[in-house]
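Summary of structural features
Take a look at the letters that make up each chain.
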Amino acid sequence: MLAASGVPSPLYRVYSAEFGFGPGVLTTIFAVYAFALLASLLVVGGLSDHVGRRPVIAAALALEAVAMVLFLAADGVGWLLAARVVQGLTTGALTSALGAWLLDLQRAERPLAAFINSASPGVGLSLGAVGAGLLVQLVPSPTDWVFGVLTAVFVLAVPGVLLLPESSARIGGALASLKPRVEVPPLHRRPFLIALPVVVAAWALGGLYASLGPSLVAEVFGVQNHVAGSLLILALNGTGVFGSLAVRSVAPEKALIGGALTFAVGVAGTITAVLVGSLALLFVSAVVTGFGFGASFFGALSMITAGVAPGHRAGLLASTFVVGYLAFSVPAIVAGIAVGHVGLARATEVYGGVVIVLALVAAASVAARRRAQRPVVAPCPEDEALAA
């Protein structure tokens, strides 16, 4: 599912040339997907807590197949907008339901859900972007290949899901859960707010790379190869899984702090690469940033979801991803608009500075929380006597 959501990134330049639109329309197409996804998370994000995981996932996969067919039939901007809206609605429903399913299925002695939930976006987006980029370079009709295969995959996935056992007890209030809301249980609000800045920073940079990354490689560094633009997305998102793996056995707070600092260093390298015009530094910095992305997002998810009750899992994950996808979309739209006024290089530099500040704020907040939670050990009477 996440690979399918990453597929359009390297195809935007193809559609731009074919249908004759510029960066403004490109970011609009990108934006409608994100806003549809957010609406879905807010409305049906917690639905699987009430009706079960299987029906929500099966229905969303069927609708995802419809989105792929719309991409196949696209012959203008209107079709692309419609396809991205439908895909956004399904991705929102699947993100929370699949993430909650992982929490249901993990074993207490081997909790892997936070790792898989944090690593999957980077891996999926990278596979989709690189696969589509390769097809653009190697086959005459890349969109037919990409969306034809994905249509078949999602159609076959529907009966496969229905054959699996249900993992979540159904609780009442299904209709009430459809009221748009952000659900964060009281016990999880403090870690949610503390982790918020790094979630915003990481996803905001991911949105910039997904929407304008290939254009950055082509226009600022002069590399027109479609695969090169896709590889930049891979360098950022693909290395996120290694960041998550590296901190899987580390305390969530330490993972977030280390990941946020690594992320800030990587973004600083990206700004330097744009300033000096070094493509090699751009890719190295993207790898470092992606590593920090994976580590910090793993730490954030682990902090936020620790001990969440079964009936609140999908809702809490939906709220977390609402923040993520808001950061993924809105800043990228603003950057797309700013490009027309200040240029792609300057917009990237300013954007990078803002996300560095957010990452450092998160690291400082979590470090302060760790210090506040550190127990104060009172001196024992014997020690006091010896001191006297």
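This section reports on the structure supplied with the text.

1. Here's the deal with the pattern of salt bridges
- Per the stated rule, a full pass over the model turns up five salt bridges.
- Asp104 serves as the salt-bridge partner of Arg53, at 2.7 Å between the closest nitrogen and oxygen. Of this pair, Arg53 sits in helix α5 (residues 53–73) while Asp104 sits in helix α6 (residues 77–105); the two residues are 51 residues apart in sequence, bridging distant segments of the chain. Like Asp104, Arg53 is buried.
- Across the pair Glu253 and Arg369 runs a salt bridge, and its minimum N-O distance is 3.6 Å. Here Arg369 lies in helix α16 (residues 344–373) and Glu253 lies in helix α13 (residues 252–276), a separation of 116 residues in the sequence. Here Glu253 and Arg369 have matching classes, each one buried.
- The network of salt bridges with common partners includes Asp49, Arg53, Asp104 and Arg313.

2. A short note on the nonpolar core
- By size, the foremost hydrophobic cluster in this structure holds 105 residues, and its most contacted members are Phe147, Trp203, Leu205, Phe263 and Tyr325.
- It is helix α10 (residues 189–219) that contributes the most residues to this core, 16 residues altogether.
- With residues up to four places along the chain from it excluded, the contact list for Phe263 reads Ala201, Ala202, Leu205, Thr289, Gly292, Phe293, Val355 and Ala359.
- Phe115, Ala119, Ala295 and Phe298 belong to the second largest nonpolar core, which has eight residues in total.

3. A short note on the environment of Pro55
- Within the secondary structure layout, Pro55 lies in helix α5.
- A residue is classified by how much of its surface remains accessible, and Pro55, at 36% relative accessible area, is partly exposed.
- As a C-alpha pair, Pro55 and Leu162 span 107 residues in sequence and 7.6 Å in three-dimensional space.

Scoring rules and cut-offs
- Residues numbered from 1 in each chain as written.
- Predicted model: local features only at pLDDT ≥ 70, side-chain atom pairs only at ≥ 80, totals over all residues.
- Heavy atoms only, no water.
- Salt bridge = Lys/Arg side-chain N within 4 Å of Asp/Glu carboxyl O.
- Helix = DSSP H or I, 4+ residues; strand = E, 2+ residues; numbered from the N terminus.
- Buried < 20%, exposed > 50% of the residue type's maximum accessible area, 1.4 Å probe, protein only.
- Core = buried A, V, L, I, M, F, W, Y, C linked by side-chain atoms within 4.5 Å.
- Contact = heavy atoms within 4.5 Å.

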